[in-house]
Amino acid sequence: MARQESIPVAANVLGTIGTILLCVQLIPQIWMNYRSKKTEGLPAIMMFIWATCRTPCHLQQLGANLFFFNPAGVPFGVYAIGQNLNTPVQVQAQAFTALSLVSWAQCLHYAHNWKIWTSTVLAISTGVFYGGVEAVLILTLRPIYDRGTEWPIILIGVLASVLFVAGLLPPYFEIWKRKGQVVGIDWMFLSIDWSGAFFSLMSIVAQTVLDPIGCALYLAVLILEVGIFVSHWIWLFRTRRQRRLEKEQLEKTDLEGASGLSTDENELPSGSGSMPGMPSADGGWHGGKE
């Protein structure tokens, strides 16, 4: 599989848009988790797998110098560097990895009752470990690829694609348990993620050499995330009558409660406009003991 030798401007522009979207996508989800203090419907394994595979490492080779920025992640970063994909695609998931680890720590804390410091230390340690593993793989596989042996990098790319898909499968189990309803996933997060994957896919398509594994990776994400939207839309349509009846019943209950409260107030005893045991306008007392 040929490596990218030159990157068109269009690829960099599209990749930059995708990078911006993918760098901020998890913020609404993290804020929702923090405000609600729960992560019901958001599988911790989903965040862990995403942090594992969706983390390209930024590398530029200038003469004999290599510059690494790799907070975490392994397979997709190694593949992106080996194939020399456009720079925005290489760097986009750095922030995503950090945010995925934050969300994973939230799942451990809120859903599995881990102590906050324990989940925080685990997330940081995991990020450091991933960074070390990625650096070792890059230093090991890059010279092999330069000598013309491509299958290790291709294998890493396939592994990244499989893990990408695996990261989106746990929500489907949650959806299946709730008969199609999507719970716990922020729609803004999912929309931004879908848009980021779309622009990243377009940036790869715009490159001089089409990268089939990179295209397959982002295309799989687009299809699976559309499936989550469609599942919830179908659930809303299928349960529309039941939800309307429940809403009407709730409104009826609230109305009856308000009516009962009003009746109780009207039944309070009165005497010259005064309540028992309270002074009347003429300075006397009504209902009190002499």
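Rules used throughout
Residues numbered from 1 in each chain as written. Predicted model: local features only at pLDDT ≥ 70, side-chain atom pairs only at ≥ 80, totals over all residues. Heavy atoms only, no water. Core = buried A, V, L, I, M, F, W, Y, C linked by side-chain atoms within 4.5 Å. Buried < 20%, exposed > 50% of the residue type's maximum accessible area, 1.4 Å probe, protein only. Helix = DSSP H or I, 4+ residues; strand = E, 2+ residues; numbered from the N terminus. Expected span 1.5 Å × (residues − 1). Salt bridge = Lys/Arg side-chain N within 4 Å of Asp/Glu carboxyl O.

Attention now goes to the nonpolar core. In terms of nonpolar packing, the biggest core is built from 32 residues, with Phe76 and Tyr218 touching the most fellow members. When residues of this core are traced back to their parent elements, those giving at least two are helix H4 (75-82), helix H7 (116-146), helix H8 (151-167), helix H10 (187-205) and helix H11 (212-238). The element that contributes the greatest number of residues to this core is H11, accounting for nine residues. Within the second largest apolar cluster, five residues are counted, among which are Leu101, Ala105, Leu108 and Ala123.

In a regular helix each residue adds 1.5 Å, so 19 residues correspond to 27 Å; H10 covers 27 Å between its end C-alpha atoms and thus fits that length. Within H10, the full set of buried residues consists of Phe189, Leu190, Ile192, Asp193, Gly196, Ala197, Ser200, Leu201, Ser203 and Ile204.

Here we take up the pattern of salt bridges. In total, this model carries three salt bridges according to the counting rule given. Across the salt bridge formed by Asp146 and Arg142, the nearest N and O atoms sit 3.8 Å from each other. Taken as a pair, Asp146 and Arg142 lie in helix H7 at a separation of four residues, close to a single helical turn. Overlapping salt bridges bring together Glu174, Lys177 and Arg178 as one network.

In short, shape yes, function no, at least from these values alone.
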